[in-house]
Structure formats: structure tokens, C-alpha cells
Amino acid sequence: MYAKSLLCAAVSILCCLLFLPAFAQNRTITGKVTDGKDGSTLPGVSVTVKGTSVGTVTQVDGSFRLSVPPGSSTLVVSSVGYERQEINLGSRTAVNVSLKGTTGNLSDVVVIGYGTQRVKDATGSVASLGPKNFNKGVISSPEQLLQGRVSGVQVTPASGEPGAGVSINIRGASSVRSGNNPLYVVDGVPLDNGGTSGGLDAGAGTSSARNPLSFLNPADIENISVLKDASAAAIYGSRGANGVILITTRKGSKGQGIQFTANTSVSSPAKKYDLMNAADYVKYATAAGADPAVIDKKGNTDWQDVIFRTAVSQGYNLGYGDAGKSTTYRFNFGYDNQQGIVENSSLKRLTGRLNASQNLFGDRVRIDLNFTASNVKNRYAPISDNAGFEGSLIGAALLSNPTYPIKNPDGSYFNNSDANFRNAANMLEYINDRDNLNRYLTNLSGTWKVIKNLSYKVNFGYDNNTAKRETFMDARLIGYTGSQSIRNSPSIPQVTGNGRGIEQNLKLRSTIIEHTLTYDKKFGSHALNLLGGYSYQQFKNYSFNNLAYGQKDKTAQASSLDDFNTRPFAAFGDSSKYELQSYFGRANYTYKDKYFLTFTFRTDGSSKFGANNKYGYFPAGAFKWRVSDESWAPKKVFDDLSLRLNYGLTGNQEFPPYASLAVSQYQLNGSTTIISNASPTLKWETKTQYGVGLDFTIAGGRLSGTVDYFHNSLKNVLFLQVYAQPSASTQRWVNLPGNVINKGVDYSLNFQAIKGRKFNWEIAYNGTYTQNTIKNFGNRVIITGDINGQGLSGAYSQVIRDGYPLGSFYLPTWTGYDANGISTYANDGLSSIVGSALPKFTQGLTNNFTYGRWNASLFINASTGFVIYNNTANAYFLKGSLKNGRNVSYDAATSNENPLNSGSVSTRFLEKGDFVRISNANIGYTFPTGSVKGIRTLRLSVTGQNLALITGYKGLDPEVNTNKSRDNVPSRGIDYTAYPNARTFTLGINAGF
């Protein structure tokens, strides 16, 4: 026993003697790599020991850790798009490296599904934006950061309201009925895009839900990557058909310290309607046949001034970050108070974020935490998508007679019931509409380096979202005289004289757990990266609503449902639950850093589908050839030239849970209604995508760009079919025959026009051509695009039919007025396809300038080849309105129209939407702070948003998309009393301590 112990001790001593020299002479080098221009951290940078195969790449925060063998004293730091540096270590163990850029967008490191990748190695079409390329100024939600900046990505806000919903189409619109927006993934957690409540109809139409991403603080975002084609998005399978947007938040880094930003903004309406003043109104109304003794009330009110205001907004962010040997962390707290340019509209957001990571067991294990807590309080002006001719707030202001006073001599609000008048000032005082949203998003992951080239990661995400919206309408409101019914309830009496309170509650919960294995190995001229994983995500949604009427005290505004006498029925609402189970894998193979091959496969199972079709299968493949590395390539012309090919399938299951089942709904009169029949054979909506791309860099890196041709075809189109009565059910989910095809070209160019010691000028340009067509649809015609206004009940403007794009307008062609001022139409007034709301060409141009410590940027975007239906003009700007005591625009008043002419839906109100916009301009100065103790950086900036708009559209703004759906079939390109866009100027300060 003693001999055995002695032998073991001897062997241990011998091993120590053999290996001790290596341990004694090896040293660990740590550091961080940053962009020499703006100081931002650079992930994915190669750091190698010169003359050896030892190396690593920087993490997301730009940090690296490397064991340097004995006798080596030089590090080589390199990344495509930056000048290569060799660092002499000397006796140092910590090295910070600042790289100088040489090329444009090919230098970016993009976040892809379940990892990161350099653009130079990417086989799919991926775009990436960082803070230096984001839009500046007052930003309500992350989509506004990239609006117009990325080729192939069209961002259209529903309106200019703070936190308004946004429609995003990546390489065209595809889905006929279900969601068209991309999948959002925040720090690895795929989001449910619900979470806000639209306003219930309380006598002035319904209002759209706010943007569900407004809970994110834009100041927290480090990077936004857009996965545009199937080879990039297929890793998300069933939810990648509309593209994927990956949002990565800021991480801590060594010496980051305290960061503080503050900004104050002033906003005003960029444009108002050209309405007549009081004197001109009386003149033209009298000429139209009105009795001046009846219409002239001797007042002089600009009703647009009543509802619009100069808004003042503020934003503050305080962050602190640092990193040690094994710990990285960053805290950030943000507060935004954004006033809208319409009275009573605002968004207040309070956010807190913690991102942290901890290395354990000699860096074999890494724990990462991303946590966001957010409280958003919205205040809503009474603006709706589908109010009748009396109008919601904006409509009421447009039609109001300018000779009407706001108030009577006794201080009460002026009322003229004979004209179906709603007093806008009265609406602002006596409608109180607010919500309160709390959202907590958590992502906790652990990564274990099992062996040298193999790592295992487990990721847990939790998204908890609660929203409460309360709408109180005072009994003293003027003009709310209609009774209503909700879910076949007994009649609810009018608001005027009774008052009404509505409470909406929404709870959303989602959990995700994912397991992934990653194998990364280089051997000779070959490199292999393998990823395999399993994912399970569950979503639970629950809503309940209450309603009350009969205001107890009609001299005091209500603030609770308890302030009303009657609750006519019990709380009502719906709940749902659905699950996704997925298996996925990806293989990246590289040969000689010249040939790149990617294969991706994902299998998704969704509880939304029937038993025989629960699983969908989504493969994709891509190939990239770096032509410039071939011996015969013209190296004097191209610094980099690469060709990409891709093909793949992605899916879409963005439609309600239980769609494959028979669903009944409890009605408020005690009955139960079947709202959809079972559809057990319902299949996945699947998009087939293929394309070819070219990446290039020339002129010593001064000009770089990418060009992509894409072709997408959607089949098994999910659609909620409405059946004529007396069928057992009014509707049922089905798969429609046919294809929705998008094909086109998108491209981006980056050019360093001037590259000097003090002055630099960089130009970035992107453009997208898209052709959208529906094919193999048979004789089926689906109508949508409701049009509102007096005498327009049941009117619509758009159809979905074979051979035409989505968003096609189907209208009679208006040819002008006859000698009597009555409208005339071609082809006996028969309707035909007369244009589409989908732009054929979109583009964006950015100019960045630096001169010493000064920097400036100018961003211009444009869209052409689309039309807008001006439902506002159709509803309000008719000459006959003058005779009936309502105001109109000067164009309508001075036209040759007969006051008896009908305002039928036609091309009379269809206008070209083409525009060019100076969207964003920024100028800033960075102060020298070397002699100021405690202050590391200090920058002052001024930003202008929506500075100028060139368009022939007569409405306020052609970038608008009021929700005018019919039977939940989406509409596009319709403008109906939309909340106007603002012109905003922002003064900001950014300091580091």
C-alpha cells in the first residue's frame, strides 16, 4: 500500500516537472477591440498569435482572452473592413486595440439565428445596423431605428401617433389573411406580437392597437440584424416566412463606466389640411346654396388649432457597465415622455435593463442573463379607424363649421345638433382614454465547453405582459347619440346623457426553453461549424373586458367603473393557449476561406394545426463562392468579389389558436354562437424562396456593396373563409389554392467619397424593386378596404384576385364633371383594377460627414409606383358638405362640382403616393475632455426629423396605412383621418464618466 502511494506521488511529481515549464512561460492575454472611429465594440474580430495556429475571435462585447505560448510576442488583429494590426506585446497581459475601417458594409458582424457571423462569411442575405446607422431623434419603437435604412425592408407606420402600430414587409407582402410582419427575436427570445388592446367602439369607431414593441427602450439596442431570405431565416422555420428581425441589446465592457444621455424635442404638425376660414366659408357655402342666416354663427374658430399642439418630449438614459476577468455587466435605466402633436395623446415609458455574464470553472462555463422591465403608459386622443361621418376627433375638426364658437357665452360647449355636430374641444375634455402596460422579458442561458470544439447551451426565456386600458366617456359629450350592442348583448344606451366606461384587460405569457450543441473545428484548409437544437415554446393569452353606463355624478368626470350605475352584463373575453415544438440544425462548411456551404433544417410542430398536419418541415441551403480569391480574378479591380446562391422553405402559422377545431363563443345575451367549424386538414402556409446575390469591394475598400435577386412564392395560403347564411357557421379556416409571388432586386452601396485626415464623407445608398402578383387563384375574388363616410355604408375599394398584386384598388374610373358639375365615369361606371398600394421601388440615401470633432448626417428616403386612397377627402371634402353646414378644403370649395353631386367611391379619390422625404438630419460636436477630471466623453447634437416632403399627394402624408380591413382581411394604402406625422427637432447630450 505504501509502495503504491509512493509510486503515485512520484508520477505526479514527474508530470509537474514535465509541464511546469509550459505553464510557467505561457501567459494569458485579455483585451477589447473597438472601432477606431466611434469607439463601438467589435465582435467576431480575429485575434491570432503571429507565426502560430493559436487564435480566437472577440465576443459580442469586443472582448477576447487568449493563451500565448512561450517565445511569441506579437498578436495579429484582423477583420474584413478594417486595417490589419500587429501588436507587440512586450510584457503586457492586457491589450486594447482600436481598428481603423477600410470598407463599408462588408465589415459588419451580423447576428444570425443562434450565433454570429461575419458578413464576409455569410451565405444568406443578412443586413445589420448598429447605433451609428440608426435613425436619430424621437424614437417610439425599434422599427423606427431602421426605417428606410435597409434594402428590401419596407416600414410603414399606421399613423404619426406616438407608439402607433407599424407594418413591416421584408421583400414584399405575402400573406392574404394572417400576419405579414416578421418574427422579432430579442436576445434569443422570439416574441408574441400581441400585447396591446385596440379601443372598443364606443360610438366613434374603433382604434388600432399600439405597437407591441414599444416596451423596448431604443437606447438599449446594440444591433438589429434582418434575415431576409430562406437560407438565413429557415433556422426559425415556421415563423420565418415573413423574415426575421434579431434585436441584440447592449452589453458591458471593461472601463465602460457611466453613460448618460438626455434629450429634449419639440414637435409640430408637418402639414395641416387646407380648410377654409370663417369668412371664406360663409362666401362659398352661400354660393353652394346654404342659407347664411342658418350657417353663420358669427364665430371664428380654427378647429385644427383646437386639436393640434406644439408637443414637447423628453428622454433620459443612465447606464453603467464594466467587465472583469470573468464577469461582465451593464445596467441601464431609461425614461421617455413623448407628447403627441394631437392634444391628449402621449407615451410615457420607464425601463430598466440588466445584462450580465459570468465565467466559471476556468471559463469552461458561461452564464448569461438579459432582463428587461418596462412600464408604458399611453394616453389616446379619440381618433379611430372607421368613424362615421360625424367623425372621431380629427374628422370632427375637419367638418366643423369655422363660424361655430367653441363655447357659448355661459361657458357651456357650443352644440348644433341639427348638423350632427361633434365639438372637438368637448371631445378632448370629456373623453379619458388611457392604458398601462407592464412587461418583463427575461433570458437566462448557460454555455458549457464540453470539449475543445464542442459546446452545449441551454436557454430559458420568459415573457410576461399585462395591459389594462380604460376608456371613460362623460355624459356631457355632444353628438354621441347611437345605441350599441356587443356580442349580441341587450342594447347599450347612447353615451350622450348617460356616459360610458370600458375596461379592457389583456395578459400574455410565453416561455421558451432551448438546448443547442455547437461543434466548431478547423482542419487544414477546411472549417466546419455544426449546430443542432431543440426548442419548446408555449404561449398563453387571456383577455377580459367590462362595460358600465349611467354616470352617477354628471358634473364630475368618471375615473372608475364604480362611477356608473349599471353594468349590463358580466365581464367577457377570450383565452387561448398554443405550443410550438421544434428540432433544428445547421451546417456551415468552408474550404480555403473561398467556398462556403450552408445547410439548415427545422421541423416545427404547432398545436394550432390538425392531428395530421401538426408538423411542418423547412429545409434551406446556400452556397457562396469568393471569386476574388481565385488566381485568375482581376485583383487590381476587386478587393472582394463573392457570389451567393440560396434556396429554402419557411413557414407561417400566425393565425389564431384552435383554427383547426370547431370554436364557439359565449354571447352576452346568454346564447352560444359557433364562430368557426373544424378544419382538421388545415396545412402550414409555406413560402418557397430562392435567389442569387453578389457582394463586392473595389477601389481599395472605398466602394462596397451587395446586389440580390429574390423570388418568393407562398402556397397553402391560410384564410378565414366567410360563408353565406344560413350555413351552420359563418366562417372556417382553409388553405386557398394559388400562390402569392414576390420577385425583385434589392441592393446597397457604400462609398467613401472623401477620406482625409480631418474631413471624411461617406455615402450609403439602398434600393429595392419588388413585383407582387397573385397566381393560380382561379375565379375567387376577396374584397377588403372598407371606405367610410356619409352615404358610403358597405363601400369597399380593394380586391384580391388572380393576376394582380395585393393591395389592388378596384374602382370605377372617374373622368371629371359634366357641364352640370356631376361626376362622369368611364365604362358606364364599372369597376376595374386601377393600381396597387404596394410600392414598386423604395430607396434610401445616407450621407455621413466628419470634420475634426464635428460630425453630421443626412438621410433621404423615397418610394414610387404606388397609389393611396384618400378616404378623408371622400368623406369630408365634397362641395355638398358646404350646403349642409360643414367645412371643406379650398380645393373642394373652388371646384366645378355641383353641391348635389354624389361622393361615390371612385378613382376621383385615388392619388399617386410617390414621395421623396428628407427624413433625418443630425449634427453634433464631441468636446475634448482630456483635461476635465471625471468626464471621459461629452457630445452635443441637434437632430431634425421629417424635415421636408416632396409629393403630389393631397393628403397629409403618403406614408400611412389606416386599418380598413373587412372580415379581418388586411387593407393597404388607405388614408382616413389618420394621426398626422410631426416635424421634430431634438437637442441631445451624451456624456461618459
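A quick note: this is a predicted structure, and the numbers were derived from the prediction, not measured.

Draft legend 1. Structural context of the overall build of the protein chain. Within the protein chain, the secondary structure is distributed over 11 helices and 52 strands. A compact globule built from 993 residues should have a C-alpha radius of gyration of about 30 Å, and the protein chain, at 31 Å, falls within 12% of that. Principal axes of the C-alpha set define a box for the protein chain whose edges measure 115 × 65 × 60 Å. Each of the 993 residues in the protein chain was classed as buried or not, and the buried ones make up 54%. Across the protein chain, every contact between residues at least 6 apart in sequence was considered, and the portion connecting residues at least 24 apart equals 70%. Per element, the accessible surface of the protein chain, about 40,900 Å² overall, is 56% carbon and sulfur.

Draft legend 2. Examining the environment of Asn-847 more closely. Along the polypeptide, Asn-847 turns up in strand β45 (residues 841–851). What Asn-847 contacts, discounting residues up to four positions off in sequence, is Trp-761, Glu-762, Ile-763, Ala-856, Ser-857 and Leu-858. Engagement of the side chain of Asn-847 in a polar contact is seen with the side chain of Trp-761, the distance being 2.9 Å.

Draft legend 3. Just the side chain of Ser-167, in detail. Examined against the element boundaries, Ser-167 turns out to sit in strand β12 (residues 166–170). The exposure class assigned to Ser-167 is buried, which follows from its relative accessible area of 19%. In contact with Ser-167, other than residues within four places in its own chain, are Gln-154, Val-155, Thr-156, Asn-181 and Asn-961.

Draft legend 4. Highlighting the nonpolar core. Counting residues in hydrophobic clusters, the biggest one holds 63 residues, and the most contacted among them are Ile-307, Leu-393, Phe-809, Tyr-869, Phe-877 and Leu-882. Elements represented by at least two residues in this core include exactly α4 (278–287), α6 (303–307), α7 (393–399), α8 (424–430), β41 (808–812), β47 (867–870), α9 (871–876) and α11 (890–893). Sorting elements by how many residues they give to this core places α7 first, with 6 residues. Core analysis: the next-biggest nonpolar cluster, separate from the first, contains 32 residues, Leu-145, Leu-347, Val-376 and Ala-467 among them.

Draft legend 5. Here's a closer look at the pattern of salt bridges. Applying the stated criterion to the full structure yields 32 salt bridges. Note that Asp-368 is salt-bridged to Arg-366, the shortest N-O span being 3.2 Å. Taking relative accessible area as the criterion, Asp-368 reaches 18% and is therefore assigned buried. Look at Arg-366 and you get partly exposed, because its relative accessible area is 24%. One salt bridge connects Asp-708 with Arg-644, and the closest N-O pair in it is separated by 3.0 Å. Of the two residues, Asp-708 is situated in strand β34 (residues 703–715) and Arg-644 in strand β30 (residues 638–652); the sequence distance between them amounts to 64 residues. Here Asp-708 matches Arg-644 in class, with each residue buried. Look at the salt bridges and you will find they share partners, linking Arg-171, Lys-228, Lys-624, Arg-644, Asp-695, Asp-708 and Asp-746 into a network.

Draft legend 6. Spotlight on unusual backbone geometry. Phi angles above zero are rare outside glycine, and Asn-344 is one such case at about 70 degrees. Mapped onto the elements, Asn-344 comes out in the loop between β19 (327–339) and β20 (346–360). Even without being glycine, Asp-967 reaches a positive phi, approximately 50 degrees. Inspection of the secondary structure puts Asp-967 in the loop between β50 (937–951) and β51 (974–975). Relative accessible area serves as the criterion here: at 47%, Asp-967 is assigned to the partly exposed category.

Draft legend 7. Layout of the pairing of strand β13 (residues 183–186). Burial along β13 is two-sided: Leu-183 and Val-185 facing one way and Tyr-184 and Val-186 facing the other are all buried. Direction of pairing for β13 relative to strand β16 (residues 244–249): parallel, over a ladder of 4 bridges. Across the sheet, the residue bridging to Leu-183 is Val-244, located in β16. Hairpin connection of β13 to strand β14 (residues 189–190): 2 residues between the antiparallel strands, including Asp-187 at a positive phi of 50 degrees.

Draft legend 8. Structural context of the sheet that holds β51. Strand order in the open sheet formed by 3 strands is β48-β47-β51, with mixed pairing between adjacent strands. Of all strands in the sheet, those with a lone pairing partner are β48 (910–912) and β51, marking the two edges.

Draft legend 9. Main features of the confidence of the model for the protein chain. Predicted confidence across the protein chain gives a mean pLDDT of 87, with 92% of residues reaching 70 or more. Residue range residues 1–24 is modelled with pLDDT below 50. Its contacts to residues more than four positions away, or to other chains, number 0 contacts. Contacts for the low-pLDDT stretch residues 103–107, under 50 throughout, to residues beyond four places or in other chains number 26 contacts.

Draft legend 10. Spotlight on α4. Buried within α4 are the following residues: Ala-278, Tyr-281, Val-282 and Ala-285. Viewed along the axis of α4, the buried residues span an arc of 95 degrees, placing them on a single side of the element. Exposed residues lying more than 90 degrees from the buried face of α4 are Ala-279, Lys-283 and Ala-287. In this structure, the buried residues of α4 make contact with α5 (292–295) and α10 (879–883). N-cap assignment for α4: the residue whose side-chain oxygen lies 3.3 Å from the backbone N of Ala-279 is Asn-277.

Draft legend 11. Looking closely at the pairing of strand β15 (residues 221–227). Counting buried residues in β15 gives 7 out of 7 residues, a clear majority hidden from the surface. Where strand β10 (residues 126–129) lies against β15, 4 bridges are found, and the strand directions are antiparallel. Of the residues in β15, the one forming a bridge with Val-126 is Leu-227. Relative to β16, β15 runs antiparallel, the two being bridged by 6 bridges. Bridge pairing links Val-226 to Ile-245 in β16.

Draft legend 12. Broad picture of a nonpolar patch on the surface. On the surface, a cluster of nonpolar side chains totalling about 860 Å² of accessible area is made up of Ile-754, Phe-759, Tyr-851, Trp-854, Ile-923, Phe-927, Leu-940, Val-942, Leu-987 and Ile-989. Among the secondary structure elements, those contributing two or more residues to the nonpolar patch are β50 and β52 (982–992). Turning to its location among the elements, Phe-759 is positioned in strand β38 (residues 759–775).

Draft legend 13. Quick peek at the sheet that holds β14. Spatially, β10-β15-β16-β13-β14 is the arrangement adopted by the 5 strands of the open sheet, whose pairing is mixed. Each end of this open sheet is capped by a strand with a single partner; those strands are β10 and β14.

Draft legend 14. Seen up close, the side chain of Ser-346. Mapped onto the elements of the fold, Ser-346 is located in strand β20. Ser-346 has contacts with Arg-210, Gln-338, Gln-339, Gly-340, Lys-377, Asn-378 and Arg-379, leaving out every residue within four places of it along the chain.

Draft legend 15. Representation of the packing of aromatic side chains in the model. One pass over the full model with this rule turns up 27 aromatic pairs. Seen in terms of ring centroids, Tyr-534 and Tyr-583 are 5.2 Å apart; in terms of plane orientation they differ by 50 degrees. Their pairing is tilted. In this pair, Tyr-534 sits in strand β25 (residues 526–551) while Tyr-583 sits in strand β27 (residues 575–591), placing the two residues 49 residues apart along the sequence. A relative accessible area of 24% means that Tyr-534 is categorised as partly exposed. For Tyr-583, a relative accessible area of 41% puts it in the partly exposed group. When the centroid spacing of 6.2 Å and the interplanar angle of 15 degrees are considered together, the rings of Tyr-591 and Tyr-595 count as stacked. Through a chain of ring-to-ring contacts, three or more aromatic side chains come together here, namely Trp-303, Tyr-404, Phe-414 and Phe-421. Positioned above the aromatic ring of Tyr-413 is the side chain of Lys-407, whose terminal nitrogen or guanidinium carbon lies 4.9 Å from the ring centre. Its guanidinium or amino end placed over the ring of Phe-215, Arg-439 lies 4.2 Å from that ring's centre, counting from NZ or CZ.

Definitions and cut-offs
Counting of residues starts from 1 at the beginning of each chain's written sequence and follows it residue by residue. Whole-chain, interface and lining totals are the exception, using all residues; otherwise, since this is a predicted model, local features are given only for residues with pLDDT of at least 70 and side-chain atom pairs are given and counted only at 80 or more. Hydrogens and water molecules were not included; the side-chain quantities draw on all heavy atoms of the structure. Helical segments are the DSSP runs of H or I of at least four residues, strand segments are the runs of E of at least two, and each set is numbered from the N terminus. Just to be clear, the radius of gyration here is over C-alpha atoms, and the globule rule we use is 2.2 Å times residues to the power 0.38. With a 1.4 Å probe rolled over the protein chains alone, any residue whose accessible area is under 20% of its type maximum counts as buried; one over 50% counts as exposed, and the rest are partly exposed. Should any heavy atoms of two residues lie within 4.5 Å, those residues are counted as being in contact. In these tables, accessible area is a Shrake-Rupley quantity obtained with a 1.4 Å probe, and a residue counts as shielded only by the protein chains included in the view. Polar contacts, as used here, are pairs of N or O atoms within 3.5 Å; protein pairs need one atom able to donate a hydrogen and one able to accept it. Residues neighboring in sequence count only if both atoms are side-chain atoms. Definition used in this section: a nonpolar core is a set of buried Ala, Val, Leu, Ile, Met, Phe, Trp, Tyr and Cys residues joined via side-chain atoms within 4.5 Å. For this analysis, a salt bridge means a side-chain nitrogen from Lys or Arg found within 4 Å of a carboxyl oxygen belonging to Asp or Glu. The pairing criterion is simple: DSSP has to find at least two bridges between the two strands. On a scale of 0 to 100, pLDDT captures the predictor's confidence in every residue. In this description, the arc belongs to the directions extending from the helix axis to the C-beta atoms. In this scheme, patches are assembled from residues that exceed 30% relative accessible area and form no salt bridge. Like charges are connected within 9 Å, while nonpolar side chains (Val, Leu, Ile, Met, Phe, Trp, Tyr) are connected within 5 Å. A pair of Phe, Tyr and Trp rings is counted when the ring centres sit within 6.5 Å of each other, with Trp represented by its six-membered ring. The angle between the planes then sorts it: under 30 degrees is stacked, over 60 is edge-to-face, the rest tilted. Whether a charge sits over a ring comes down to the Lys NZ or Arg CZ being within 6 Å of the ring centre and within 35 degrees of the ring normal.

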